[in-house]
Amino acid sequence: MSEPAKLSSRPRVLSGMRPTGKLHLGNYMGALANWVKLQDNYECYFFIADLHALTTDFADTSALASNTLEVALDFLAAGLDPARSTIFVQSMVKPHFELPLYLGMITPLGWLERVPSYKEMQENLTHKDLTMFGFLGYPVLMASDILLYQPEFVPVGQDQQAHVEITREIARRFNQFYKLWEQEVLPEPKVLLTPSPKLPGTDGRKMSKSYGNTIQMTDPEPVVRQKLKTMVTDPARVRRTDKGDPDKCPVGDLHKVFSTAETLAKVYDGCRTAGIGCIECKGWAADALVNILQPIQERRARFSDAQVEEILNDGSFRAAARAEQTMVQVRSAMKLPSSTGASL
Ligand code: SF4
């Protein structure tokens, strides 16, 4: 087993992702690419939130283990480094089962019912019965995931700040009820805003697995090129001779994120003057995507399943040790008996 990374003088950050299967470029640009950079300046904890998957996918867990492995592979492929980051699986760290119970005792129902994603997901996932205790309580699970590691920051995009806010509220409430030697036990984490560029899927809507419009991190070059070929464009540009506008075109949005300034200039000029065709333009976008994906896919191919499992075991062991430190304080503050060691 490798030694824990000696990075404790750096501010700690923590973030996680549900195991939804192979990740796509939206996941990469919205989270992973930022996480990779954070490794230079922060003590990093990154986890696969398999217990969160149960809040919506409890009826069929057959793919949970394989999806967890795929996501771990994508983490490593993106450049997360187990020597610098603690990479772990939520369900392999037992304090993730204990702290939600305590925090659930003090979290008012109204706080959970007003979380925007609670109503949104119920409206969007109409084929699933989400009137479950676990689904309503997922912000408590999420708050526990974060607070167990007492991080200074939680890296999130603009649209996820509400998640950190309820964590801060729950921490504040805990600290009002319970103290340890007059000290607060659960520091309120701060938001670390990370870039989360607009990334359209092949149908022009936000890239999302649920829309079936993704370009996956594992897509080979021919698949990427084929997906680009069928991607929607500026609806005003029907014929080759029609002028278009990259600002109204999902392919243009991809160029803005992935292409060089030189290519982007050619796209703006060629599209607005009808000097280029959409097929040519999509070819340039595909070139840029292949360029990004190639090193990621090469890194992915270097890891065997057995190596990934070892990395997750090692990371989960280290995470459990850190989480248990918090739990000792929590139990002590709550005047509960501690079971140090037994839950590792
Ligand atoms: S030329 Fe490019 S940016 Fe312009 S409409 Fe076609 S695909 Fe979109």
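Residues numbered from 1 in each chain as written. Predicted model: local features only at pLDDT ≥ 70, side-chain atom pairs only at ≥ 80, totals over all residues. Heavy atoms only, no water.

Observations regarding the overall build of the chain
Right, so step 1: Counting its secondary structure elements, the chain contains 14 helices and 5 strands.
Right, so step 2: Taking 20 Å as the expected radius of gyration for a compact globule of 344 residues, we find that the chain reaches 22 Å, a close match to that expectation.
Right, so step 3: With respect to the three principal axes, the spread of C-alpha positions in the chain is 75 × 45 × 40 Å.
Right, so step 4: Among the 344 residues that make up the chain, the fraction classed as buried is 51%.
Right, so step 5: Of all intrachain contacts in the chain linking residues separated by at least 6 positions in sequence, the fraction that spans at least 24 positions is 77%.
Right, so step 6: As displayed, the chain offers around 16,700 Å² of accessible surface, 55% of which is attributable to carbon and sulfur atoms. (Helix = DSSP H or I, 4+ residues; strand = E, 2+ residues; numbered from the N terminus. Rg over C-alpha atoms; globule rule 2.2 N^0.38 Å. Buried < 20%, exposed > 50% of the residue type's maximum accessible area, 1.4 Å probe, protein only. Contact = heavy atoms within 4.5 Å. Areas by Shrake-Rupley, 256 points an atom, 1.4 Å probe, with all protein chains shown as cover.)

Notes on the confidence of the model for the chain
Right, so step 1: Considering every residue of the chain, the mean pLDDT works out to 92; 96% of them sit at 70 or more.
Right, so step 2: Confidence drops under pLDDT 50 across residues 1-7; counting only partners more than four residues distant or on other chains, this segment forms 12 contacts. (pLDDT = per-residue confidence, 0-100.)

Some thoughts on the layout of surface pockets
Right, so step 1: Taken as a whole, the second largest pocket spans an internal volume of roughly 510 Å³.
Right, so step 2: Lining the second largest pocket are 19 residues; nearest its centre among them are Pro100, Phe133, Gly134, Gly137 and Val140.
Right, so step 3: Sorting the residues of the lining of the second largest pocket by element identifies α2 (50-57), α4 (95-106), α5 (109-113), α7 (133-136) and α8 (138-147) as the ones contributing at least two each.
Right, so step 4: Considering every element that reaches the lining of the second largest pocket, the biggest residue donor is α4, with 6 residues. (1 Å grid on protein atoms, 1.4 Å probe; cavity = no way out; pocket = protein on both sides within 12 Å on 5 of 7 lines; lining within 4 Å. Points joined across faces, edges and corners; volume = space filled by probe spheres on them.)

Observations concerning empty space enclosed by the protein
Right, so step 1: All told, the structure shown has 1 cavity of 30 Å³ or more when counted by the stated rule.
Right, so step 2: A volume near 100 Å³ is recorded for the largest cavity.
Right, so step 3: As for the largest cavity, its lining consists of 13 residues, of which Cys249, Val251, Cys271, Cys278 and Cys281 are closest to the centre.
Right, so step 4: Every element with two or more residues in the lining of the largest cavity is listed here: α11 (250-258), α12 (261-272) and α13 (278-301).

Structural notes on α12
Right, so step 1: The end-to-end C-alpha distance of α12 is 16 Å, a good match for the 16 Å that 12 residues give at a rise of 1.5 Å each.
Right, so step 2: The set of residues buried in α12 consists of Thr263, Leu264, Val267, Tyr268, Gly270 and Cys271.
Right, so step 3: Where α12 is buried, its residues touch α11 and α13.
Right, so step 4: One or two steps after α12, the chain reaches alanine 274, where phi turns positive at roughly 60°. (Expected span 1.5 Å × (residues − 1).)

Examining the packing of aromatic side chains
Right, so step 1: For the structure shown, the criterion picks out 9 aromatic pairs.
Right, so step 2: With centroids separated by 4.8 Å and ring planes inclined at 55°, the aromatic side chains of phenylalanine 174 and tyrosine 178 adopt a geometry described as tilted.
Right, so step 3: Cluster of aromatic residues (ring-pair linked, three or more members): Tyr45, Phe47, Phe88 and Tyr149.
Right, so step 4: Positioned above the aromatic ring of phenylalanine 153, the side-chain terminus of lysine 190 is 5.5 Å from the ring centre.
Right, so step 5: The aromatic ring of tryptophan 284 is capped on one face by lysine 266, whose charged end is 4.4 Å from the ring centroid. (Phe/Tyr/Trp six-rings, centres within 6.5 Å; stacked < 30°, edge-to-face > 60°. Lys NZ or Arg CZ within 6 Å of the ring centre and 35° of its normal.)

Focus: the pattern of salt bridges
Right, so step 1: By the definition in use, this model includes 22 salt bridges.
Right, so step 2: Glutamate 188 serves as the salt-bridge partner of arginine 168, at 3.4 Å between the closest nitrogen and oxygen. One end of the pair, arginine 168, is in helix α9 (residues 161-177); the other, glutamate 188, is in the loop between α9 and β5 (190-193), with 20 residues separating them in the sequence.
Right, so step 3: Of the charged contacts, one joins aspartate 219 and lysine 227 as a salt bridge, the two residues approaching to 2.7 Å between their closest N and O atoms. (Salt bridge = Lys/Arg side-chain N within 4 Å of Asp/Glu carboxyl O.)

With respect to the nonpolar core
Right, so step 1: Of all hydrophobic cores here, the largest spans 53 residues; its most connected members are Leu25, Tyr28, Leu32, Trp35, Phe75 and Leu228.
Right, so step 2: Ranked by size, the runner-up nonpolar core spans 42 residues in total, among them Phe88, Leu130, Met142 and Phe174. (Core = buried A, V, L, I, M, F, W, Y, C linked by side-chain atoms within 4.5 Å.)

Remarks on unusual backbone geometry
Right, so step 1: We note that glutamine 150 has phi near 45°; this positive angle belongs to a residue other than glycine.
Right, so step 2: Summarising the element assignment, glutamine 150 is placed in the loop between α8 and β4 (153-156).
Right, so step 3: The buried category is assigned to glutamine 150, whose relative accessible area is 14%.
Right, so step 4: Phi angles above zero are rare outside glycine, and tryptophan 181 is one such case at about 50°.
Right, so step 5: Relative to the helices and strands, tryptophan 181 is located in the loop between α9 and β5.
Right, so step 6: For tryptophan 181, a relative accessible area of 73% translates into the label exposed.

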